[in-house]
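Spelled out from the first residue to the last, the chains are:
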Amino acid sequence: VSPIPGILSWLGRFSSRTRCLRFIRRRCRSSYEDRFSRRMSMAGLKPHHRIAIAVSGGPDSVALCILTAGWKCGNHDASTSLRSNPVDGLLAVVVDHGLRNESAEEAHIVSGRITDMGIKCEVARCQWSEGRPKVGHLQEAARNKRYDILQSICLREKFGVLLVAHHSDDQAELFILRLSRNSGVLGLAGMPFVSEIFPECPDLCEEGSKTHGILLVRPLLDFTKEDLYDICRIFGRQWVEDPTNVSPLFARNRIRMSLKNLSSADKAELSKVISECRKIRLDVEKRCQALLSDTVEIVHHGYAVVDLQLLLTMEVDDICLARFIVLLLQFISQRHRPIRGNALKVLLSYFRTTPCKTCLAAAGCYLRPAPGSKGSKLLVCCCVDACLPPTTKPFSPRNGLNSEESEQIIAESNGNLDRSTPDDTRLSFEFSESGESVLRKSLMLGILSASTHEAVISIQKEETESFKSRNGETGEDNKRKHLDPEKKPLLLRGGEAGLYWMNRFAVEWKCSKKYRCCDCLVSNDVVDVILREMRDVDWIYVYDLAEKREKKNGIAEAEAAVISAERAAVQRLKSIPVCVRRCMPVLVDEDGVLLSIP
């Protein structure tokens, strides 16, 4: 019997199977692209916007590059090389942390692969000037350094949007991590879909103009890790695996390995719990914004005045008031460590007491009754003894971001989020519920099955024990590090670029003979000065100096103008509350003699 008909039949079946596989692949690709396009629309983003992507080279960020390039170009096929025709308005940034010997070569390989997809790519290497971070703080330090670099590149290249590749499995890891750290319902909501990040030291924009940060968007939060692997395979793109992602030294890695035992159905249930927590957080954030707008006045000297009388008439519940306090104190202190436990309980009681008659120092802030308010208003300023050490950074140029475009994106994104969570949505959890009660209620409401609930509790207990054992070894050192920051004198050199001080003041030192008067304290040979906080003795010195000069007889016209200016300066300083003056910068010489006030 001739084998030809059998071969032809087999070839026919093979051809049909290949066509079928291609059809399925096209349908899968189209499904992923449609889901991604909907998420970008939800964030208020359009293909013409200038967008940067944080790229590590793993399957998450490679898939994000594939989907973003396709979304921006419409018919762009990321499976073919577009190196000679890059996508307009799209920049990938690869951050080489320099913590592994092979990291530089790996970053170069990743850059080549991303460039081959038609995306302009930049590689930035971290500089650890103070030495490599310790293992216990390695991931946190690397993350902070990475976001600093991403921010600076976005500002330099005028990209107002930054995409990061966090996905639903990352959300599940964060949920377990925060559950093991006793987080409440707001912490369990995980990473926000859209947020705005600001540089540590703002640009020197005109007074009264609004400063815009960079929009941080996570469009893959509805995608699973397996989805991202599939996207890379469908488009024929390679990725790299970071060996540190499997090290049991890090909490996230331990949780990630434990979560692998959960089925897809279990993870889907966990995602529903996170989604319910996110609804509550959106509601709380919305109410907090209204509270901040109605009851808080930010004074340009760097402090806030809270209308306690108005705040108490609003009958705010504890969880919303706690969030309000945290946002306010973190902004004023410029410290972004969480406020919780006994400190938060004391603050809640303090804000609910009216009229306010006492002073309080907490979370890097000093709180006291506002002068002249009879306790109906509260003054919140940075505490002079705050743990935040004075830091200096050179002036940065104006960021040049399109403020109108940023406002439009934010407004559209907020509108989409509001429509996705209507006011009549029934919230599954109470605002004040702890992590454990959230799990119990999820089980009662049928959001979690018994098996998933048991598995999550088991992972949480395991990580809690691991955290306690590891934290016991380093907890005292960390506590001492926060309580006793090293405060060194800050030297400001004449003629050099100015510096930011404590993330709130821009200070510049210029010696000018043109405006020198006969009694000027600054001699011609003073070039370097020391920057420190204002003290009571400085205020007394300035006041006495103005008084002495005013009593002099036979003064020249030029000196009279100086005296008038000094008198005005004293009056302005006098109008600033004493506790606020103590956080303002002054310049002194090496002998401690006062040279300049703000």
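Rules used throughout
- Residues numbered from 1 in each chain as written.
- Predicted model: local features only at pLDDT ≥ 70, side-chain atom pairs only at ≥ 80, totals over all residues.
- Heavy atoms only, no water.
- UniProt positions renumbered as here; feature names shortened; annotations may be inferred.
- Salt bridge = Lys/Arg side-chain N within 4 Å of Asp/Glu carboxyl O.
- Helix = DSSP H or I, 4+ residues; strand = E, 2+ residues; numbered from the N terminus.
- Buried < 20%, exposed > 50% of the residue type's maximum accessible area, 1.4 Å probe, protein only.
- Pairing = 2+ DSSP bridges.
- Axes fitted to C-alpha atoms, helices over the stretch in contact; angles between N-to-C directions.
- Contact = heavy atoms within 4.5 Å.
- Lys, Arg positive; Asp, Glu negative; His and termini not counted.
- pLDDT = per-residue confidence, 0-100.
- Core = buried A, V, L, I, M, F, W, Y, C linked by side-chain atoms within 4.5 Å.

In the nomenclature of an unreviewed UniProt entry, the protein chain is known as tRNA(Ile)-lysidine synthetase of Genlisea aurea. As stated in UniProt under Catalytic activity (unreviewed entry), the record for the protein chain gives "cytidine(34) in tRNA(Ile2) + L-lysine + ATP = lysidine(34) in tRNA(Ile2) + AMP + diphosphate + H(+)".

Colleague: Can you walk me through the pattern of salt bridges in this structure?
Modeller: Think of it this way: side chains of opposite charge can pair up when their charged atoms draw near. For the structure on display, the rule yields 25 salt bridges. As a salt-bridge pair, Arg237 and Asp116 come within 3.4 Å of each other at their nearest N and O atoms. Here Arg237, found in the loop between helix 6 (225–234) and helix 7 (251–259), pairs with Asp116, found in helix 3 (residues 103–116); they are 121 residues apart in sequence, far enough to count as distant. Residue Arg237 is classed as buried on the basis of its relative accessible area of 12%. Taking the shortest distance from any N to any O, the salt bridge between Asp230 and Arg233 comes out at 3.1 Å. Note that Asp230 and Arg233 are positioned in helix 6 at a spacing of 3 residues, about one turn of the helix. Looking at Asp230, the relative accessible area reads 25%, which means it is partly exposed. One salt-bridge network, held together by shared partners, links Arg100, Glu102, Glu106 and Asp242.

Colleague: Is there a simple way to think about the sheet that holds strand 17 (residues 585–588) in this case?
Modeller: Think of a sheet as strands paired side by side through backbone hydrogen bonds, with each pair either parallel or antiparallel. Here 4 strands make up an open sheet; going across it, the order is 13-16-17-18 and the pairing antiparallel. Two strands bound the open sheet, and with one partner strand each, they are strand 13 (490–493) and strand 18 (594–596). Within this sheet the neighbouring strands show an average axis-to-axis angle of 45 degrees, counted without direction. In this structure, strand 16 (residues 528–533) lies alongside strand 17, joined through 4 bridges in antiparallel fashion. Across the sheet, residue Ile530 finds its bridge partner in strand 17, namely Val588.

Colleague: Please explain the pairing of strand 17 as it appears in this structure.
Modeller: As a general feature of sheets, a regular strand has side chains that alternate between the two faces. Side chains of strand 17 alternate between two faces, with Pro585 and Leu587 and Val586 and Val588 buried alike. Sheet topology places strand 17 next to strand 18; 2 bridges connect them, and they run antiparallel. From the neighbouring strand, Leu587 faces strand 18, where its bridge partner is Ser596. Once strand 17 ends, the chain turns through 5 residues before running back antiparallel as strand 18, passing Gly592 with a positive phi of about 85 degrees.

Colleague: Which parts of the structure should I look at to understand the side chain of Ser258?
Modeller: Within the secondary structure, Ser258 is located in helix 7. Taking the relative accessible area as the measure of exposure, Ser258 reaches 16% and is therefore buried. Leaving out residues up to four positions away in the same chain, Ser258 has contacts with Ile459 and Glu462.

Colleague: Just to check I follow, could you spell out the side chain of Lys72 for this structure?
Modeller: Following the sequence through the fold, Lys72 ends up in helix 2 (residues 59–73). Although Lys72 lies buried, it forms no salt bridge, and the closest oppositely charged side chain, Asp88, sits 6.4 Å away as judged by the N-O distance. Each residue touching Lys72, except ones within four places of it in the same chain, is listed here: Pro47, His48, His49, Ile51, Val87, Asp88, Gly89 and Leu90.

Colleague: For this particular structure, what's the right way to read the confidence of the model for the protein chain?
Modeller: Regions with low pLDDT carry predicted coordinates that are not meant to be interpreted in detail. Taken over all residues, the pLDDT of the protein chain has a mean of 80, while the share at 70 or more is 75%. Ranking the elements of the protein chain by mean pLDDT puts strand 12 (residues 392–394) last, at 57, and strand 1 (residues 51–55) first, at 96. This stretch, residues 473–485, has a pLDDT under 50; its non-local contacts, to residues over four places away or in other chains, come to 6 contacts. Counted against residues more than four places away or in other chains, residues 514–524, with its pLDDT under 50, gives 17 contacts.

Colleague: Is there a simple way to think about the environment of Val164 in this case?
Modeller: With respect to the secondary-structure elements, Val164 resides in the loop between strand 4 (161–163) and helix 5 (168–180). Val164 sits in the buried class, given a relative accessible area of 5%. Separated by 103 residues in sequence, Val164 and Ser61 have C-alpha atoms that sit 7.3 Å apart.

Colleague: Explain the nonpolar core to me, please; I cannot follow it from the model alone.
Modeller: One recurring pattern in soluble globular proteins: nonpolar side chains tend to sit buried together. Counting residues in hydrophobic clusters, the biggest one holds 59 residues, and the most contacted among them are Phe175, Val306, Phe324 and Phe351. Of all hydrophobic cores here, the second largest spans 43 residues; its members include Ala43, Ala63, Leu64 and Leu228.

Colleague: What is the right way to look at the sheet that holds strand 5 (residues 194–197) in this model?
Modeller: Pairing in this open sheet of 6 strands is mixed, and the strands run 3-2-1-4-6-5 from one edge to the other. What marks the edges here is a single partner per strand, and that holds for strand 3 (120–125) and strand 5. Sheet twist, expressed as the mean angle between neighbouring strand axes with direction ignored, is 30 degrees. Sheet topology places strand 4 next to strand 6 (residues 214–217); 3 bridges connect them, and they run parallel. Looking across to strand 6, one finds that Leu162 is bridged to Leu216. In this fold helix 2 packs onto strand 1, strand 2 (90–96) and strand 4, with an angle of close to 160 degrees to the strand it touches most, strand 1. Packing against the sheet, helix 4 (residues 138–157) makes contact with strand 1, strand 2, strand 3, strand 4, strand 5 and strand 6, and its axis sits at approximately 150 degrees to strand 2.

Colleague: What should I look at first to understand unusual backbone geometry in this one?
Modeller: When glycine is set aside, most residues are seen to have a negative phi, and most peptide bonds are trans. For the bond from Thr354 to Pro355, the omega torsion is 0 degrees, close enough to zero to count as cis. Inspection of the secondary structure assignment puts Pro355 in the loop between helix 11 (341–351) and strand 9 (360–362). Phi angles above zero are rare outside glycine, and Glu315 is one such case at about 50 degrees. Inspection of the secondary structure assignment puts Glu315 in the loop between helix 9 (308–313) and helix 10 (318–333). In the Ramachandran plot, Ala363 falls in the positive-phi region, its phi being about 55 degrees despite a non-glycine side chain.

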